[in-house]
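# Report on the structure
Residues per chain, in single letters:
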Amino acid sequence: MVAPSKEESKRRQALDFALSQIEKQYGKGSIMRLGSDRVLDIEGIPSTCLALDLALGSVRIPLGDIISILCGGGAGRESWEQIVLAYRLPRALTAMLGGAGLAVAGLQMQTLFRNPLAGPFVLGINAGASLGVAAAVLAAGGLAGAGLISGLGLFGSLGAVVSASLGSALGVAMLILVSRRVESNMTLLILGLLFGHNAGAAVSVLLHFSAAEQIRVYVAWTFGSFAGVGWDQLKVLAPAVLV
């Protein structure tokens, strides 16, 4: 068994001291009570946010009608059922699945590199995805590149996903190749930052030589809006995140 380092021993001593002070202040077992209350609070946050997302908007729908619609019943107005089931519900579920996927991916990266700073931005994965979409949209020329994302429905969304995946895969592949010769995780993180800045510079060059319509479509994609998400896109995202 490997002995803990001095820094780790100091952290454990500081944690033990903090826990002892909490028990001294609130009594024994208070940490477990505080932890259980906090877990209950956290579990209630997603359902509350989902209910508010379905109820609030340009058209406000009462929570009672929201529950009735989700349970298969009717609503006070026929348009409310269409708004909830066709627009708000797929967007809300997509946002929840996307957030869960990002959280799991970030945890895996931090565990792999043993560094809390590791993430898609630091490793250049975000920049690689932006470069992939920029290359597809801005370098395609004419309406072909702009139509890759807007105006083609599910096909356009899949085109953007494939382009972003190829760009991010390029960054990951470069890190994998470098990792065979570099053993330091910190060095890999720095190389990821370098790749991210280089990819950002390449995107800037593409923006400079692109038409206004192509730039508008690309910038709209970088905003990450859920406005165009429907059940077709959710059917593609849900298996990828859950698997």
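Residues numbered from 1 in each chain as written. Predicted model: local features only at pLDDT ≥ 70, side-chain atom pairs only at ≥ 80, totals over all residues. Heavy atoms only, no water.

### A look at the layout of surface pockets
Let me state the cut-off plainly: Cavity and pocket criteria rest on a 1 Å grid covering protein atoms alone: a 1.4 Å probe that fits but cannot get out defines a cavity, protein on both sides within 12 Å along at least 5 of 7 lines defines an open pocket, and an atom within 4 Å of a point defines a lining residue. Grid points are joined across faces, edges and corners, and a volume is the space filled by probe spheres set on the points. Numbering of helices and strands runs from the N terminus; a helix is a DSSP stretch of H or I covering at least four residues, while a strand is a stretch of E covering at least two. Each residue receives one of three labels: charged for Asp, Glu, Lys and Arg, nonpolar for Ala, Val, Leu, Ile, Met, Phe, Trp, Tyr, Cys and Pro, and polar for the others, Gly being one of them.
Estimated volume of the second largest pocket: approximately 240 Å³. Ala105, Gln108, Met109, Leu112, Phe113, Leu123, Ile125, Val172, Leu175, Ile176, Ser179 and Leu188 together form the lining of the second largest pocket. At the level of secondary structure, the elements contributing two or more residues to the lining of the second largest pocket comprise helix H4 (78–113) and helix H7 (153–179). The greatest single-element share of the lining of the second largest pocket, amounting to 5 residues, is contributed by H4. Among the residues forming the lining of the second largest pocket, the class breakdown is 10 nonpolar, 2 polar and no charged.

### As for the packing of helix H3 (residues 63–70) against H4
Between two packed helices, what matters for the description is the angle formed by their axes and the separation of those axes. Note the following rule: Note on geometry: axes are lines fitted to C-alpha atoms, helical ones only across the stretch in contact, with angles between N-to-C directions running from 0 to 180 degrees. In this scheme, roughly parallel covers angles under 35 degrees and roughly antiparallel covers those over 145, while 65 to 115 is roughly perpendicular and the rest are oblique. A contact between two residues is defined here by any heavy atoms of the two lying within 4.5 Å.
It is the contact of H3 with H4, at a shortest axis distance of 10 Å, that shows an interaxial angle of 75°. Comparing the axis directions of H3 and H4 gives the class roughly perpendicular. Here Asp65, Ile66, Ile69 and Leu70 of H3 lie close against H4, whose contacting residues are Trp80, Glu81, Val84, Leu85 and Leu89. Classifying every residue of the contact of H3 with H4 by side-chain character gives 7 nonpolar, no polar and 2 charged.

### A look at the nonpolar core
Inclusion rule: To define a nonpolar core, start from buried Ala, Val, Leu, Ile, Met, Phe, Trp, Tyr and Cys residues and group those joined through side-chain atoms within 4.5 Å. With a 1.4 Å probe rolled over the protein chains alone, any residue whose accessible area is under 20% of its type maximum counts as buried; one over 50% counts as exposed, and the rest are partly exposed.
In this structure, Ala127, Ala129, Leu131, Val133, Ala134, Val137, Leu138, Ala164, Ala199, Val203, Val217 and Tyr218 together form the largest nonpolar core, which totals 12 residues. Contributions of two or more residues to this core are made by helix H5 (125–138), helix H8 (185–208) and helix H9 (212–223). Broken down by element, this core gets its largest block of residues, 7 residues, from H5. Setting aside residues no more than four positions away along its own chain, Val203 makes contact with Ser130, Leu131, Ala134 and Tyr218.

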